[in-house]
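Spelled out, the chains give:
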Amino acid sequence: MAIADLNHKKVLITGAASGIGRAAALAFARQGATVLLCDIDTAALESLRQQIAGVGSECFAYTVDVSNARAMAELATRIHATQGTLDVLVNNAGIGYLGRFLDSDLGHWQRVLDINLMGVVHGCHCFIPAMIEAGGPRLVINVASAAALFPSPSMAAYAASKHAVYGFSEVLKMELHDTQVQVTTLCPGVINTPIVASRSNIAASVSDEQIGRLQSYYQAKGCSPELVAESLIRAVKDGRDLILVGPFARLIFQLKRVSIGL
Ligand code: NAD
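Presented here is a report on the structure given in the accompanying data block.

Rules and cut-offs
- Residues numbered from 1 in each chain as written.
- Predicted model: local features only at pLDDT ≥ 70, side-chain atom pairs only at ≥ 80, totals over all residues.
- Heavy atoms only, no water.
- Near = heavy atom within 4 Å.
- Polar contact = N/O pair within 3.5 Å; in protein donor to acceptor, adjacent residues only side chain to side chain.
- Areas by Shrake-Rupley, 256 points an atom, 1.4 Å probe, with all protein chains shown as cover.
- 1 Å grid on protein atoms, 1.4 Å probe; cavity = no way out; pocket = protein on both sides within 12 Å on 5 of 7 lines; lining within 4 Å.
- Sits in = over half its atoms within 2 Å of the grid points.
- Helix = DSSP H or I, 4+ residues; strand = E, 2+ residues; numbered from the N terminus.
- Nonpolar A, V, L, I, M, F, W, Y, C, P; charged D, E, K, R; others polar.
- Patch = residues over 30% accessible without salt bridge, like charges linked within 9 Å, V, L, I, M, F, W, Y side chains within 5 Å.
- Salt bridge = Lys/Arg side-chain N within 4 Å of Asp/Glu carboxyl O.
- Expected span 1.5 Å × (residues − 1).
- Buried < 20%, exposed > 50% of the residue type's maximum accessible area, 1.4 Å probe, protein only.
- Arc of directions from axis to C-beta.
- Contact = heavy atoms within 4.5 Å.
- Points joined across faces, edges and corners; volume = space filled by probe spheres on them.
- Phe/Tyr/Trp six-rings, centres within 6.5 Å; stacked < 30°, edge-to-face > 60°.
- Pairing = 2+ DSSP bridges.
- Axes fitted to C-alpha atoms, helices over the stretch in contact; angles between N-to-C directions.
- Core = buried A, V, L, I, M, F, W, Y, C linked by side-chain atoms within 4.5 Å.

### Regarding the site of the ligand
Okay, step 1: Neighbouring the ligand are 27 residues, the closest being Ser18, Asp39, Tyr158, Ile191 and Thr193.
Okay, step 2: In the model, an oxygen atom of the ligand is placed 2.6 Å from a nitrogen or oxygen of the Ser18 side chain.
Okay, step 3: A distance of 3.5 Å separates an oxygen atom of the ligand from a polar atom in the backbone of Val190.
Okay, step 4: In isolation the ligand exposes 830 Å². Once the protein is present, 93% of that is buried.
Okay, step 5: The cavity where the ligand resides is the largest pocket.
Okay, step 6: Of all the secondary structure elements, the ones that give two or more residues to the shell around the ligand are α1 (19-30) and α5 (156-175).
Okay, step 7: When its residues are assigned to classes, the shell around the ligand shows 17 nonpolar, 7 polar and 3 charged.

Take a look at the structure:
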């Protein structure tokens, strides 16, 4: 199911304040879409909202934590009342977690699953019923990862959450096959964003030097979030239901071999 013309279409992007979500918001805005931004980073959201409004596209920003079921339900009520039904929902918000399983305490598991998996589940649960009722074509894009397809070193919780997003999305595709709502799974790999920048998302056993080497690797080898956004727009226009983007197969293979000491 394709949406060839995005002009005036309503697109909600979670995790829109940085990286892939930010690049996607700008790309949808350039297509003339009304862009609804959701993130927990209010300052970055507001700066993006102003940037998009500055180029003449309609844009609204909402500070909401996708892991909070009630906050997501309230967001849906507010958007349905003020903007109407979404044409495109991009469940993109996510966090990374770096550290070998046996070196990490288990505190991060719940947070990674709450944001990466339950954030996607909440988005789907709150917005899809109205999308089905309104008729189509409408699209739901769930951001999984290359980590859902290939094993990634030192990312057990992250990989588990992304395998879960992938599996959930595949089931949802089947359950919605007779509706006008298509579910698409986006699997990026090694994209140059700040996803592994925060110390709170890295095990204490990982040294600053190792983090520096990994970040340099992302900067040198990762593809740009803008490239992911371009693929996303193309997939929306072509109606593809699986998007693999980034030189991830080769890079993940190399990542296992380079000496990042993880
Ligand atoms: P990023 O850190 O640049 O952006 C993530 C955004 O999500 C941030 O703006 C952050 O504030 C927001 N966010 C975090 N927790 C949130 C919450 N609870 N509620 C709402 N917003 C929240 O990272 P990115 O690389 O752009 O990641 C975007 C998506 O792409 C994530 O789902 C990530 O797992 C996935 N991904 C990234 C890569 C990569 O190499 N960068 C690879 C595969 C998949």
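### Some details on a nonpolar patch on the surface
Okay, step 1: There is a patch of nonpolar side chains on the surface, built from Phe101, Leu102 and Leu106 and spanning about 380 Å² of accessible area.
Okay, step 2: With respect to the helices and strands, the residue Leu106 is situated in the loop between β4 (88-91) and α4 (107-134).

### A word on helix α2 (residues 42-54)
Okay, step 1: With 13 residues, α2 extends 18 Å between its outermost C-alpha atoms, agreeing within 8% with the 18 Å of an ideal straight helix rising 1.5 Å per residue.
Okay, step 2: The set of residues buried in α2 consists of Leu45, Leu48 and Ile52. When α2 is viewed along its axis, its buried side chains cluster within an angular range of 70° and face the same direction. Across from the buried face of α2, at angles greater than 90 degrees, the exposed residues are Ala43 and Gly54.
Okay, step 3: Elements that come into contact with the buried residues of α2 comprise α1, β2 (34-39) and β3 (59-63).

### Remarks on the side chain of Gln210
Okay, step 1: Of note, Gln210 is situated in helix α6 (residues 208-221).
Okay, step 2: A distance of 2.9 Å separates a polar side-chain atom of Gln210 from the backbone nitrogen of Ser207.

### Considering the layout of surface pockets
Okay, step 1: Here the largest pocket defines a volume of roughly 970 Å³.
Okay, step 2: Forming the walls of the largest pocket are 46 residues, and the residues nearest its centre are Gly94, Ile95, Gly96, Thr193 and Ile195.
Okay, step 3: With 3 residues, α1 is the single largest residue contributor to the lining of the largest pocket.
Okay, step 4: Class assignment of the residues belonging to the lining of the largest pocket gives a composition of 28 nonpolar, 14 polar and 4 charged.

### A closer look at the packing of aromatic side chains
Okay, step 1: Inspection of the entire model under this criterion finds 1 aromatic pair.
Okay, step 2: Relative to Trp109, the ring of Phe101 lies with its centre 6.1 Å away and its plane at 85°, an arrangement referred to as edge-to-face.
Okay, step 3: Residue Phe101 is classed as partly exposed on the basis of its relative accessible area, which comes to 45%.

### A word on the sheet that holds strand β7 (residues 242-245)
Okay, step 1: In spatial order, the strands read β3-β2-β1-β4-β5-β6-β7; together these 7 strands make up an open sheet with parallel pairing. The two strands at the open ends of the sheet, each matched to only one other strand, are β3 and β7. Neighbour-to-neighbour, the strand axes of the sheet open up by a mean angle of 15°, direction not taken into account.
Okay, step 2: Bridging between strand β1 (residues 10-14) and β4 involves 3 bridges; their strand directions are parallel. Residue pairing for β4: Val11 is matched across the bridge by Val88.
Okay, step 3: Each of β1, β2, β4 and β6 (181-188) is contacted by α1, which is oriented at about 170° to β1, the strand it contacts most.
Okay, step 4: The sheet strands contacting α5 are β5 (138-143), β6 and β7, and the helix crosses β6 at an angle near 155°.

### Here we look at the nonpolar core
Among soluble globular proteins, nonpolar side chains are generally buried collectively.
Okay, step 1: Core analysis: the largest hydrophobic core is formed by 48 residues, its most contacted members being Leu12, Leu75, Ile79, Leu86, Phe127 and Val140.
Okay, step 2: For this core, the secondary structure elements donating two or more residues are β2, α3 (69-82), α4, α5, β6 and α6.
Okay, step 3: With 9 residues, the single largest contributor to this core is α4.
Okay, step 4: Ignoring anything within four residues of it in the chain, the contact list for Leu12 reads Leu36, Cys38, Leu75, Ile79, Leu86, Val88, Leu89, Val90 and Phe127.
Okay, step 5: Core analysis: the second largest hydrophobic core is formed by 37 residues, Ile13, Ala29, Ala229 and Ile243 among them.

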